[in-house]
Amino acid sequence: MREIGHFIGGKYVAGTSGRTSDVFNPATGEVQAKVALASVEELRAAVENAKAAQPKWAATNPQRRARVFFKFVELLNQHMDELATLLSSEHGKTVEDSKGDIIRGLEVCEFVCGIPHLAKGEFTEGAGPAIDMYSIRQPVGIGAGITPFNFPGMIPMWMFAPAIACGNAFILKPSERDPSLPIRLAELMIEAGLPAGILNVVNGDKTAVDAILTDPDIGAVSFVGSTPIARYVYGTAAMNGKRAQCFGGAKNHMIIMPDADMDQAVNALMGAGYGSAGERCMAISVAVPVGEETANRLVEKLTPKIESLRIGPYTDEKADMGPLVTKDAYNRVNGLIDRGVEEGAKLLVDGRGFKLQGYENGYFVGGTLFDNVTPDMDIYKTEIFGPVLSVVRAKNYEEALDLPMKHEYGNGVAIYTRDGDAARDFASRINIGMIGINVPIPVPLAYHSFGGWKASSFGDLNQHGTDSIKFWTRTKTVTARWPSGIKSGAEFVMPTMK
Ligand code: NAD
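The numbering scheme is per chain: residues are counted from 1 as the chain's sequence reads. With pLDDT at 70 or above as the cut-off, local features in this predicted model cover only qualifying residues; side-chain atom pairs require 80 or more to be listed or tallied, and sums for whole chains, interfaces and linings still use all residues. Only hydrogens and water are removed before side-chain values are computed, so all heavy atoms of the structure are retained for them.

Notes on the packing of helix α2 (residues 62-78) against helix α7 (residues 180-191)
Then comes step 1: Only the contacting stretch of a helix is used when fitting its axis, a line to C-alpha atoms as for every element, and angles between N-to-C directions run 0 to 180 degrees. Working definition: helices are DSSP H or I runs of at least four residues, strands are E runs of at least two. Numbering for both runs from the N terminus. The N-to-C vectors of α2 and α7 enclose an angle of 125 degrees; their axes lie 9 Å apart at closest approach. Compared by their axis directions, α2 and α7 come out oblique. Read as a crossing pair, α2 and α7 show a hand that is right-handed. Contacts between α2 and α7 involve V68, F69, F72, L75 and L76 from the first element and L185, L188, M189 and E191 from the second. The scheme is simple: roughly parallel for angles under 35 degrees, roughly antiparallel for over 145, roughly perpendicular for 65 to 115, oblique for anything else. Take the far helix as the reference: if the near one is turned anticlockwise from it by less than a right angle, the crossing is left-handed, and if turned clockwise, right-handed. In what follows, a contact means two residues having at least one pair of non-hydrogen atoms within 4.5 Å.

Below is the structure:
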C-alpha cells in the first residue's frame with residue numbers, strides 16, 4: 001500500500017510515528033493509500049528546519065523572492081493536468097473543477113509576485129526637527145497553515161504564497177483526506193528555486209495541530225475548516241501568544257427577487273449548489289425566492305435540471321459533479337436528508353440511494369431539493385456540505401433579507417435582481433463578508449481579500465489581498481533624529497508636537 005509521508009527540509013520523508021490514516025478513492029470506496037500522522041517530534045523537526053532556513057530567506061531581497069513565484073506559476077501551468085488529476089483522485093471532484101481549485105491558488109501566487117511593492121514600508125521626512133520616521137514590514141518568522149479537504153490546492157497556496165513571499169518559513173498541515181497534492185506543490189516550489197526548509201508539509205491530525213498551536217517558535221497560524229475547530233484553533237493559538245486567522249463553516253443564501261432573470265438565477269443555483277457536490281464553503285445551500293409566484297417559477301425550473309444532473313467519477317469528463325469525500329460525509333449528508341423529511345420539509349428531489357453502475361461502493365449522493373424549509377429546521381441551521389439545496393419562501397424583500405442576517409454564519413450571500421436600488425440596499429445592510437450581485441459564488445479575486453463574518457471567521461485579517469501581507473508581517477516603526485536637530489540637555493516632559 002502506498003504511504004504518504006511528509007516534506008521536511010526540502011525533501012520527502014517517510015513518517016515515523018507508526019500512526020496512519022486511510023486515503024480513499026471516493027468514487028469506489030477503496031483505500032488507495034495511507035497517510036502518515038505526524039508525532040510532536042516530527043512537527044518539531046519541521047520547525048527546526050524552518051528556523052535554520054528562515055533568516056537567510058528573510059534577508060533575500062524581495063525581487064529574488066518574487067522570482068521563485070514567477071517560476072512556480074510557470075511550473076503549475078506546465079503540470080496542470082497532472083496536478084488536477086492527483087487532486088481529483090483523492091477528493092473526488094471533476095478534473096476541470098480541480099483545475100479551478102489550483103488556478104485560484106495560482107492567482108494568489110501571481111499576486112505575490114508583486115511582493116517588492118506590496119511589502120514596501122512608509123517614510124515620513126521631517127516628522128520633527130531633523131526627525132524622519134519610517135515603518136517597515138518584517139516577517140513574523142515561522143508561519144503555519146492548517147487546511148481543509150475541500151480545496152487542497154487553493155487554500156494551501158492562499159496561505160503559503162503570501163507567507164513565504166513576505167520572508168517567512170512555513171509549516172503546512174494539510175487535510176489528512178487528500179494529502180498528496182500539497183506534497184507535490186512543495187516539490188515544485190523547490191524546483192522553482194525555494195531554499196530547503198522554507199516550505200515544510202507535515203501530515204497529521206489533532207496531534208500535529210496541537211503541536212503547532214503550542215510550539216514556541218511558530219508566530220502566526222492560519223486555519224480554514226469547520227467552525228468548531230476554527231474556534232478551538234483561534235482560542236488556543238491566541239492563548240499561546242500567536243497571531244491567528246481562522247475561517248469556519250457557512251450557510252450561504254441566494255435571494256431571488258421577482259424581477260430577476262429566472263433562467264440566469266436557476267443556472268447560477270445549479271452551479272453554486274451542486275458543483276463540487278456542494279462541498280464548497282461558498283456553495284449556495286439556501287435559495288430564497290421572494291413572493292409565491294417567484295417561488296413557484298423557481299422550483300418548476302430547478303426540479304428537472306437537478307433530476308438530470310450528470311454524476312460520475314472524476315474520470316468522467318462530462319460529469320457535473322462527483323461523489324462526497326468519505327463514507328462519513330456520505331452518511332452525514334444522507335442523515336440530514338432523513339432529518340429534513342422528519343422535520344416536514346417537502347422533498348422534491350431525493351438524492352438518497354443514488355447508485356452509479358460500476359461504482360456501487362462510491363460515496364455518491366444525488367442532487368437533492370427541499371421546498372418549504374423554515375428557519376427552525378435543522379436542515380436550515382446546519383451546514384450540510386453536500387448536494388442539498390433548501391428553498392425558504394419569503395413573502396417580501398425584508399423577510400428575505402432577515403434570513404441571512406439572523407443566520408449563525410456569515411460567509412457569502414447573493415441577490416439576483418435587475419433593481420439597482422434593491423441590490424445597493426442589500427449590499428449595504430447585510431451582515432455578511434462576501435456579497436454577490438447576480439454572482440452566485442462571490443469569491444474575491446487574489447488582489448482583494450477573502451473572509452466571512454459571524455461564525456464563519458475568527459480574527460480580523462482575511463486571506464490574500466493586502467490583508468495577507470499584513471497578517472504575515474509585523475510592523476516596526478523607526479524614529480530617527482539627526483544630530484543637527486538635537487538640543488542639549490535632558491528632556492523630562494513627554495515629547496509632543498505642541
Ligand atoms: P475540518 O474542520 O474537519 O478540518 C480542517 C482541518 O482541521 C484539517 O486539517 C483537520 O486535520 C484539522 N482538524 C480536524 N479535527 C481537528 C481537531 N479536533 N483538532 C485539531 N485539528 C483538527 O474541516 P473539513 O471537513 O476538512 O473542511 C470542511 C469545512 O471547512 C466546512 O465547514 C467548510 O465550510 C469549511 N471551509 C471554510 C472555508 C472558509 O474560507 N470559510 C473554506 C473552505 C472550507
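After that view of the structure, there is still more to cover.
Description of the sheet that holds strand β13 (residues 252-256)
Then comes step 1: Paired strands, as defined in this entry, are two strands with at least two bridges between them according to DSSP. Reading across the sheet, the seven strands line up as β15-β16-β17-β14-β13-β19-β20 and stay open at both edges, with mixed pairing between neighbours. The strands lining the two open edges of the sheet, one partner per strand, are β15 (346-349) and β20 (434-437). Direction aside, the axes of adjacent strands within the sheet are offset by 20 degrees on average.
Then comes step 2: Where β13 lies against strand β19 (residues 412-416), four bridges are found, and the strand directions are parallel. Paired with I256 across the two strands is Y416, which belongs to β19.
Then comes step 3: Packed on one face of the sheet, helix α12 (residues 327-343) meets β15, β16 (368-371) and β17 (388-391) and runs near 25 degrees to β16.

Remarks on the pattern of salt bridges
Pairing between side chains of opposite charge can happen when the charged atoms of each approach one another.
Then comes step 1: Salt bridges, as used here, are contacts in which a Lys or Arg side-chain nitrogen is within 4 Å of a carboxyl oxygen on Asp or Glu. In the structure shown here, the tally under the stated rule is 33 salt bridges.
Then comes step 2: Among the ionic contacts, a cluster of salt bridges with common partners joins R44, E48, K51, D215 and D217.

Regarding the site of the ligand
Then comes step 1: Whether a residue is near a molecule or strand depends on its heavy atoms: if one lies within 4 Å, it is near. Taken together, 26 residues form the shell around the ligand, and within it T147, K173, E176, S226 and E383 come nearest.
Then comes step 2: Throughout this description, a polar contact denotes any pair of N or O atoms lying within 3.5 Å of each other; where both atoms belong to protein, one of them has to be capable of donating a hydrogen while the other can accept it, and for residues adjacent in sequence the pair is counted only when both atoms sit in side chains. Contact distances for the ligand include 3.0 Å between an oxygen atom and a backbone N or O atom of F149.
Then comes step 3: Between a nitrogen atom of the ligand and a main-chain N or O atom of G248, the distance comes to 2.8 Å.
Then comes step 4: Relative to its unbound accessible area of 850 Å², the ligand is 89% covered by the protein chains.
Then comes step 5: When residues are sorted by character, Ala, Val, Leu, Ile, Met, Phe, Trp, Tyr, Cys and Pro go into the nonpolar class, Asp, Glu, Lys and Arg into the charged class, and all the rest, Gly among them, into the polar class. Along the lines of polarity and charge, the residues of the shell around the ligand split into 13 nonpolar, eight polar and five charged.
Then comes step 6: The start and end points of each domain follow an automatic or database-based domain assignment. Taken domain by domain, the makeup of the shell around the ligand includes at least three residues from each of domain 1 (2-248 + 456-478) and domain 2 (252-437). Here the open area of atoms and residues is found with the Shrake-Rupley method and a 1.4 Å probe, where only the protein chains shown may cover a residue.

Re helix α14 (residues 397-406)
Then comes step 1: Exposure categories follow from relative accessible area, calculated using a 1.4 Å probe and restricted to protein chains: below 20% of the type maximum is buried, above 50% is exposed, and the middle band is partly exposed. Listing the buried residues of α14 in full gives Y397, A400, L401, L403 and P404. Buried residues of α14, seen end-on, are gathered within an arc of 150 degrees and therefore sit on one face of the element.
Then comes step 2: Its side-chain oxygen placed 3.3 Å from the backbone nitrogen of E398, N396 serves as the N-cap of α14. Of all possible arcs, the one meant is that of the directions from the helix axis to the C-beta atoms.

What about unusual backbone geometry?
Then comes step 1: Backbone geometry places A130, a non-glycine residue, at a positive phi of 55 degrees.
Then comes step 2: By the secondary structure assignment, A130 is in the loop between β6 (122-128) and β7 (131-139).
Then comes step 3: A positive phi angle is found at N438, which is not glycine, with a value near 60 degrees.
Then comes step 4: Residue class for N438 comes out partly exposed when judged on its relative accessible area of 33%.

A few points about the nonpolar core
Then comes step 1: Only buried residues count toward a nonpolar core, which is a set of Ala, Val, Leu, Ile, Met, Phe, Trp, Tyr and Cys residues joined through side-chain atoms within 4.5 Å. Core analysis: the biggest nonpolar cluster contains 92 residues, and F69, F72, I164 and I171 have the highest contact counts within it.
Then comes step 2: Looking at this core element by element, the count peaks at 10 residues for helix α6 (residues 154-165).
Then comes step 3: Taken domain by domain, the makeup of this core includes at least three residues from each of domain 1 (2-248 + 456-478) and domain 2 (252-437).
Then comes step 4: Excluding residues within four positions of it along the chain, I171 makes contact with L43, A46, V47, A50, I142, G143, A144, G145, N200, V202 and I218.
Then comes step 5: Among the nonpolar cores identified, the runner-up in size contains 36 residues, and I255, V392, L403 and A422 belong to it.

Focus on the sheet that holds strand β4 (residues 20-25)
Then comes step 1: In spatial order, the strands read β1-β5-β4; together these three strands make up an open sheet with mixed pairing. Unpaired on one side and paired on the other, β1 (3-4) and β4 mark the two borders of the sheet.
Then comes step 2: The pairing of β4 with strand β5 (residues 30-36) spans six bridges and is classified as antiparallel. For S21, the partnering residue across the bridge sits in β5 and is V35.
Then comes step 3: Taken strand by strand, helix α3 (residues 80-91) contacts β1, β4 and β5, and its axis lies near 105 degrees from that of β4.

Considerations on the domain arrangement of the chain
Then comes step 1: One can read the domain layout of the chain as domain 1 (2-248 + 456-478) and domain 2 (252-437).
Then comes step 2: Here the C-alpha centroids of domain 1 and domain 2 sit 31 Å apart.
Then comes step 3: At the junction of the two partners, domain 1 supplies 21 residues and domain 2 supplies 23 residues.
Then comes step 4: Buried area between domain 1 and domain 2, both sides added, is near 1,900 Å², and the carbon and sulfur share of it is 60%.
Then comes step 5: The salt bridge involving D97 is made with R280; its shortest N-O contact spans 2.9 Å.
Then comes step 6: Applying the counting criterion to the domain 1 and domain 2 interface returns six residue pairs in polar contact (both at pLDDT 80 or more). As a working definition, buried area equals the accessible area (1.4 Å probe) given up by two parts on being put together, with both sides summed.

Quick look at the side chain of S175
Then comes step 1: Mapped onto the elements, S175 comes out in the loop between β9 (169-173) and α7.
Then comes step 2: A distance of 3.1 Å separates a polar side-chain atom of S175 from the backbone nitrogen of R177.
Then comes step 3: S175 has contacts with T147, P148 and F149, leaving out every residue within four places of it along the chain.

Observations regarding α12
Then comes step 1: Compared with an ideal rise of 1.5 Å per residue, which puts 17 residues at 24 Å, α12 spans 24 Å between its outermost C-alpha atoms and is within 8% of the ideal.
Then comes step 2: All of the buried residues along α12 are A329, Y330, V333, N334, L336, I337, G340 and E343.
Then comes step 3: At its buried positions, α12 is contacted by β15, β16, α13 (378-381) and β17.
Then comes step 4: Downstream of α12 by one or two residues, G344 has phi in the positive range, about 100 degrees. Helix span is expected to be 1.5 Å times the residue number reduced by one.

Thoughts on the packing of aromatic side chains
Then comes step 1: Classification of ring pairs uses Phe, Tyr and Trp, with its six-membered ring standing for Trp, and accepts pairs whose centres are within 6.5 Å; under 30 degrees between planes counts as stacked, over 60 as edge-to-face, and the remaining range as tilted. Here the structure, examined in full by the defined rule, presents nine aromatic pairs.
Then comes step 2: On the basis of an interplanar angle of 70 degrees and a centroid distance of 5.6 Å, the ring pair of F170 and W472 is categorised as edge-to-face. You can see F170 sitting in strand β9 and its partner W472 sitting in the loop between α16 (465-471) and β23 (473-481), a full 302 residues away along the chain.
Then comes step 3: By relative accessible area, which is 1% here, W472 ends up buried.
Then comes step 4: Joined through ring pairs, the aromatic side chains of F170, F471 and W472 make up one cluster.

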